[in-house]
Structure formats: C-alpha cells, structure tokens
Amino acid sequence: MSPIDYTLNEAIKEAQRCLHCKVPGCKKGCPINNDIPEWIAQLAKGNFGNAMTIINARSNLPAVCGRVCGHERQCEGNCVLGKKGEAIHIGKLERFLADFDSEAGWSHEYIPEKSRGRVAVIGSGPAGLTIAGDLSRKGFAVEIFEMEAEPGGMLKFGIPEYRLPKEVVSREISKIEKLGVKIHLNTTAGKDFTVDDLFADGFDAVFIGTGTGVPKRLDIPGIEHPGVRQAIRFLRRVSLYESGYMSRDEVVVGDGDRVAIIGCGNTAMDAARTALRMGAKEVTVIYHRYIDTMSALRAEYDDAVAEGVKFLWNTTVVAVKGGEGRHLQSITVESDGKRHEMPVDRLIQAIGSVPASRIISTTEGIDVNERGYVLTRDTPYGMTTRKGVFAGGDVTDRPATVVHAMQDAKNVAEGIARYIDAVKLMETIE
Ligand code: SF4
C-alpha cells in the first residue's frame, strides 16, 4: 500500500465528513457528472459494493481518475467544505474504493446481451476505453483495435509509472474486457486494415480515438540535433524501458545530465520529474509566460518544485548548440529582450501534439480542420463527415485531460447508440 492510500477506517472516517449537500458542488464540478455524494454516502456506511456500482454507472476508469484527474479544479475545488476548511478528499476516496473493489471483487455488473449492433473502436486510450465500456453496457458488441502490443494508449505510455502504475490501468482494462469487449493488439488502422474493411466486416459504426501521436516542434536553429527530444516520445521510451522492451541506453536522459524542458503543461511536468528519476542532475522548465497561465495542474507543479525542478518564466529558447553525439552544448534563451547561453545536455520539447493522418489518408470522406483535427458534428454527437464514422478524445481537438476525453467519449457513445438504433429502425421500416 502506498503511504498516500487510505486504510479502510480512514476512508470511512473521511467519507463521514461529507455533508451530502442537496445541491452538491462536487458533482457539478465533475466533468462526467459522477454521483459523488451518493457513493460517498454508501462508503460512509461501509457499503463498498453499492458505492462502486454508483461510480461504475458514470465512469469506466475510476482507479485512473482517482489518481490523475485534476480534483483541485473539479470535484474537490467545488466542495462546499473547502470554502472554510478542508474539502473532502474525493480523488483519494475514489482511488481507495476502486482499488479495494478490484482486490475484493465485490461489485458485479449486469452484462446485457449484445443485440443492438457492432461497433469497432480504433485506439484504446481513455476515449476508446470509455466508448467500449459504455456501449458494451448498452448492449452493443464492441471490438477495440490497438496498434501497440498492450492496450491503454497514453494511460500506459504517456503518464509515468509513479503517477499511474501500469498495473492499475491493466486492472481497469480487464474490467472492461469482462463486459464482453474484445481487444485486438498489434493491429494498425490505415496499415493492417482500413475503416472500409471494418464496414465490410459487418460493423455498424466505427469510432476513431487515436489521440494525438505527432508532437509539435519549434522551428529554431539547431532543433534537429539528436540531443533534442519530444516529451511524449521520451516518456514512452522510459515506459518501454521500465516494461523491459528497451535497454537503458535507449532512454535519452542519463545520469548527471542537465535537462531543459520547453512548455509548462502536465506533460512537461511528467517529463521533468521523469528526467530526475532517470538520473538528471538538473532539470529546468522553460515557459514563455508566467505561472498563472501554465496549463499544468498546480498540484503537478508543486510536486515538481518539491522534487527540485527549476522554472524559468517569461523565457523562450531561441537557439540550440549541439555537442558530441547525443549531447548538446547549450541553448540560447531570451527573456525581456536579453539573451544568454545556458549549458544543457538535453532539451525536451513539451509544447503539445497533433493527430497522425494515417486513418484519414486511407479513408474517403473524413474531413479535418487546418491543424489536422477530425471534424465532428453535434447530431448525432461525435459523427464525422463520413456516415457511421465517429471520433472523440484528443483526435478532435476538444478535450485536454483524461477525464475530459472520457466526458466527450460518453457523449459520443450516446451518439453512436442513437445512430445505430435509427439506422436499424429504418431498415425494418423499408
Ligand atoms: Fe460532500 Fe463536498 Fe460534495 Fe457537499 S460538496 S456533497 S460536502 S463532497
């Protein structure tokens, strides 16, 4: 048990502090409208199975949400008790409950017959898993197609182990599989099969939840040097190294390195803290604005500071000077019109990413915007410009966090269900 986990008694005691508000701010603050006061009330009485059943009705990934959601800005940030004292630690309670339930296996879900239609889901990140879980519970036969050797997408390869253990993600995925969802691994859309193949195979709808796999990069002199890396690729390499798929020297940050990170979102925080764990002796996050506009959660920033990460505000990197092999000599930074050289060994870019175009280029009729994000409509929610093909999560440029990807996917799942029901109804009338 991690020291930040509750014991059973501590969890019940914390749940008993909840006021069970008539108009609960916590629920309003939750992007997926989780029925927080209801499950906390069950938890306070020691009814773990009931509490879990209430959570399962809104969330497919409670153990994940309990760990990586921005509680400070969402449920806990809106808890009435936080106005004068301490908000209920909702994230920690959710995490306790989800872990406890996985170990004890107390909640048992009713699994409906899969008679409403067949849905193919491309990608097994938070959006794909949410679609799969929701549609399976609604009576659809769902198959997930994942290009990696393991399911989980960015949950497994984009969030470091210390924040979200892979074992927790695997546990959540096996719960989704128990709902009857089939997962095909090592199979890449646009290469091994196309969207048209899926329709020819009898699927009624296809969901694209492939996220943003292509990182953005700065256009500055020297940026092509091998000592400059992308945060999502660095995190992925570390993850593959930790899982035994890569050797230590394939992870670009080594012992004693001085590392600079460009960007100030959660991925930048993850890359900074991971670099320290990989032995970097100095890690500096460089951001062109100030702390009040950073997209990282305050808690992530605080943890990074506590671990020794330094921050340079109102500063941009304007040039990179390469050194031997994969090492850099220095970067040139600019602040208030003044430039100076900063010696670093590695530079990691964490300035966001955009979708890959593999599926779009092999499928007729799916329009994207000028930045490559898939365009979708509101009715049926999430359908692309191609009939029967839906999209959600990061590939659509809407959500920015795990829970927002889940929120969006829940609405798309509803859109897919309505679409398939309508098409089947038309077929019976004609
Ligand atoms: Fe409980 Fe806080 Fe939600 Fe009120 S706002 S129901 S006290 S968690």
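What you see is a predicted model; the values in this text were computed from it and never measured.

Take Asp101: it is sitting in helix α7 (residues 90-104). In sequence terms Asp101 and Leu43 are 58 residues apart; their C-alpha atoms lie 12 Å from each other.

Right, let's get into the environment of Ser353. Take Ser353: it is sitting in strand β14 (residues 353-354). Among the residues examined, Ser353 registers a relative accessible area of 15% and is labelled buried. Between the C-alpha atoms of Ser353 and Pro215, which are 138 residues apart in sequence, the distance is 3.8 Å. The contact partners of Ser353, leaving out residues within four places of it in the chain, are Thr212, Val214, Pro215, Lys216, Ile232 and Tyr373. Polar contacts involving the side chain of Ser353 include one to the side chain of Thr212, which spans 3.1 Å.

Per the UniProt record, "domain: Dihydroprymidine dehydrogenase" (unreviewed entry) is annotated on residues 6-105. For the annotated span residues 6-105, helix accounts for 58% and strand for 0% of the residues, and the straight-line distance between the end C-alpha atoms is 18 Å.

Our focus in this paragraph is the side chain of Lys410. Looking at where Lys410 falls in the secondary structure, it is placed in helix α16 (residues 402-429). For Lys410, the residues in contact, after removing those within four places along its chain, are Ile32, Ala57, Arg58, Ser59, Asn60, Thr130 and Asp134.

This part takes up the packing of helix α3 (residues 36-44) against helix α4 (residues 48-56). Close contact between α3 and α4 brings their axes to 7 Å; oriented N to C, the two are set at 170°. With respect to α4, the element α3 is oriented roughly antiparallel. Handedness of the crossing formed by α3 with α4: left-handed. Along its contact with α3, which presents Glu38, Trp39, Gln42 and Leu43, the element α4 presents Phe48, Asn50, Ala51, Ile54 and Ile55. Each residue belonging to the contact of α3 with α4 can be placed in one class, and the counts come to six nonpolar, two polar and one charged.

So, on to α3. Note that an α-helix has 3.6 residues per turn; residues three or four places apart therefore point the same way. α3 sits mainly inside the fold: seven of its nine residues count as buried. Along α3, the residues classified as buried are Ile36, Pro37, Trp39, Ile40, Gln42, Leu43 and Ala44. At its buried positions, α3 is contacted by α1 (8-16), α2 (25-29), α4 and α7. Within two residues after α3, Gly46 carries a phi angle of roughly 80°, on the positive side.

Rules and cut-offs
- Residues numbered from 1 in each chain as written.
- Predicted model: local features only at pLDDT ≥ 70, side-chain atom pairs only at ≥ 80, totals over all residues.
- Heavy atoms only, no water.
- Helix = DSSP H or I, 4+ residues; strand = E, 2+ residues; numbered from the N terminus.
- Buried < 20%, exposed > 50% of the residue type's maximum accessible area, 1.4 Å probe, protein only.
- Contact = heavy atoms within 4.5 Å.
- Polar contact = N/O pair within 3.5 Å; in protein donor to acceptor, adjacent residues only side chain to side chain.
- UniProt positions renumbered as here; feature names shortened; annotations may be inferred.
- Axes fitted to C-alpha atoms, helices over the stretch in contact; angles between N-to-C directions.
- Parallel < 35°, antiparallel > 145°, perpendicular 65-115°, else oblique.
- Left-handed = near helix turned anticlockwise from the far one by under 90°.
- Nonpolar A, V, L, I, M, F, W, Y, C, P; charged D, E, K, R; others polar.

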